[in-house]
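As a plain string of letters, each chain reads:
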Amino acid sequence: MAWILWLVAILLLFLLILLAASIRVVKEYERGVIFRLGRLVGAKGPGLFFIIPIVDSMVKVDLRTAVFDVPPQEVITKDNVTTKVNAVVYYRVVDPEKAVTEVENYSYATAQIALTTIRSVIGQAELDELLSEREKLNQRLQSIIDEATDPWGIKVSAVEIKDVMLPEGMQRAMAAQAEAERERRRRIIAAEGEFQAAKKIAEAAEVLAKQKGGLFIRMLQTITEATEEKASTVIIPFPVEMLEPLGLLRTQTRENSGSSGSSSGSSSGGSGGASAE
């Protein structure tokens, strides 16, 4: 009777061990790929499920987005400039079965594809494109890497170029070029300002010449602006009429009348000659 109890106890213990070995728990962000006698059964999860001990085996696959930091790669651009570029790649598993059966190590394979693609794409771009059109290169890298890893069940969501390291000589040359460009823009803006100011001054002078007393009012305004707020400048207006006793205005008037008289005499002589004929 005792040996029967021992046998039942052993059987119960064996059943408990088999039950414990058949229970599998997969988290929400994981999937369990089941193989039965070496053949693929499928992916299960998340949650609790059972497998056949000894016959079945399971491989867990993480579905969360993984990040691969590409180390600095020394690349020669299309215009023969040596530079170092580092980037970051974001990818995740969308098909656990392919990620297990189609490639030995999908993480390492994706990293190597990213390295070779970055070196190839950067080598086909010029330095100006690498510096100014980085978003375009990021989209191109993402498209190429995603297409290469799609048969493995991998989805590359983004590729971002983080930094572009240039030689010191190239940095000094670019700084000199940028400084020359800024100086050119400064001179163009200053010249345009001078041109616009000259046009406005000419228009203002024309308006003042047409309006009687406008020049005198402008002179008074200039005197007010020059002597305001404790200015040390003293301005004494000098009337033009005071020049008449000195004969300056008379001389100028005589010269003007003489020139007009000579012009009228020449015109009358010409007419008289014509009548004599």
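Note on numbering: residues in each chain are counted from 1, in written sequence order. At least 70 in pLDDT is required for a residue's local features to be given in this predicted model, at least 80 for side-chain atom pairs to be given and counted, and no such filter applies to totals for whole chains, interfaces and linings, which use all residues. For side-chain calculations, the full set of non-hydrogen atoms in the structure is used, while hydrogens and water are omitted.

A. How the structure looks around the overall build of the chain. Secondary structure is summarised from DSSP: a helix means a run of H or I of at least four residues, a strand means a run of E of at least two, and numbering begins at the N terminus for each. Counting its secondary structure elements, the chain contains eight helices and eight strands. Throughout this description, buried means an accessible area under 20% of the type-specific maximum (1.4 Å probe, protein chains only), exposed means over 50%, and partly exposed covers the range between. For the chain, the residues scored as buried account for 22% of the 277 residues in total. With residues, only the protein chains shown are counted as cover, and all accessible areas are computed by Shrake-Rupley using a 1.4 Å probe. As presented, the chain carries roughly 19800 Å² of accessible surface, and 58% of it is formed by carbon and sulfur atoms.

B. Just the pattern of salt bridges, in detail. Any Lys or Arg side-chain nitrogen located within 4 Å of an Asp or Glu carboxyl oxygen qualifies as a salt bridge. Scanning the model with the defined rule gives nine salt bridges in all. Residues Arg185 and Glu181 are paired through a salt bridge, measuring 3.3 Å at the closest nitrogen-oxygen approach. Here Arg185 pairs with Glu181, and both are found in helix H6 (residues 168–210), just four residues apart, close to one helical turn. Taken together, the shared-partner salt bridges connect Glu181, Arg184 and Arg185 into one network.

C. Broad picture of the packing of aromatic side chains. Put simply, two rings from Phe, Tyr or Trp (the six-membered ring, in Trp's case) pair if the centres are within 6.5 Å, and we call them stacked under 30 degrees between planes, edge-to-face over 60, tilted for the rest. Taken as a whole and assessed by the stated rule, the structure comprises zero aromatic pairs. Whether a charge lies above a ring is judged from NZ of Lys or CZ of Arg, which has to be within 6 Å of the ring centre and within 35 degrees of the ring normal. Above the ring of Tyr29, the side-chain terminus of Arg64 is found at 3.9 Å from the ring centroid.

D. Region of the structure containing the pairing of strand S2 (residues 30–36). Across the seven residues of S2, five count as buried, placing the element largely inside the fold. DSSP-based pairing: two strands are paired if at least 2 bridges between them are found. Bridge analysis of S2 against strand S5 (residues 56–62) gives seven bridges, and the strand direction is antiparallel. Paired with Ile34 across the two strands is Met58, which belongs to S5. What sits between S2 and strand S3 (residues 39–44) in their antiparallel hairpin is a turn of two residues, with Leu37 showing a positive phi close to 55°.

E. Structural detail: the sheet that holds strand S6 (residues 66–76). Pairing in this open sheet of three strands is antiparallel, and the strands run S6-S7-S8 from one edge to the other. At either end of the open sheet lies a strand with only one pairing partner, and these are S6 and strand S8 (154–165). In this sheet, neighbouring strand axes are inclined to one another by 20° on average, regardless of whether the strands run parallel or antiparallel. When strand S7 (residues 82–93) meets S8, the two strands line up antiparallel, connected through ten bridges. Every angle, taken between N-to-C directions, lies between 0 and 180 degrees, and every axis is a line fitted to C-alpha atoms, over only the stretch in contact when it is a helix.

F. Main features of unusual backbone geometry. Cis geometry marks the peptide bond from Gly45 to Pro46, where omega comes out at 0°. Tracing the sequence through the fold places Pro46 in the loop between S3 and strand S4 (47–50). The backbone of Leu37 shows a phi angle near 55°, a positive value even though the residue is not glycine. Tracing the backbone through its elements, the reader meets Leu37 in the loop between S2 and S3. You can call Leu37 exposed: its relative accessible area is 70%.

G. Seen up close, the sheet that holds S2. One open sheet accounts for three strands, arranged S3-S2-S5; its pairing is antiparallel. Where the open sheet ends on each side, the last strands, each with one partner, are S3 and S5. Across the sheet, the axes of successive neighbouring strands diverge by a mean angle of 25°, strand direction being ignored.

H. Spotlight on helix H3 (residues 106–123). What a helix is expected to span follows from its residue count: subtract one and scale by 1.5 Å. Across its 18 residues, H3 extends 26 Å between first and last C-alpha, which sits within 8% of the 26 Å expected from 1.5 Å per residue. Among all positions of H3, only Tyr106, Ala109, Thr110, Ala111, Ala114, Leu115, Thr117, Ile118, Val121 and Ile122 are buried. Think of a polar contact as two N or O atoms within 3.5 Å of one another; within protein, one of them needs to be a possible hydrogen donor and the other a possible acceptor, and neighboring residues in sequence only count if both atoms come from side chains. The N-terminus of H3 is capped by Asn105, whose side-chain oxygen sits 3.3 Å from the backbone nitrogen of Ser107.

I. Main features of the packing of H3 against helix H5 (residues 134–149). Direction vectors running N to C along H3 and H5 enclose 140°, while the axes themselves pass 10 Å from each other. With respect to H5, the axis of H3 lies oblique. Note on packing geometry: the crossing formed by H3 with H5 is right-handed. Here Thr110, Ile113, Ala114, Thr117, Ile118, Val121 and Ile122 of H3 lie close against H5, whose contacting residues are Leu137, Arg140, Leu141, Ile144, Ile145, Ala148 and Thr149. For the contact of H3 with H5, a count of residues per class yields ten nonpolar, three polar and one charged. Relative orientations are named as follows: roughly parallel for angles under 35 degrees, roughly antiparallel for angles over 145 degrees, roughly perpendicular for angles from 65 to 115 degrees, and oblique for any other angle. Each crossing gets its hand from how the near helix is turned against the far one by less than a right angle, where anticlockwise is left-handed and clockwise is right-handed. Here, residues are in contact when the closest pair of their heavy atoms is within 4.5 Å. Three classes are used, and their members are as follows: Ala, Val, Leu, Ile, Met, Phe, Trp, Tyr, Cys and Pro are nonpolar, Asp, Glu, Lys and Arg are charged, and the others, Gly among them, are polar.

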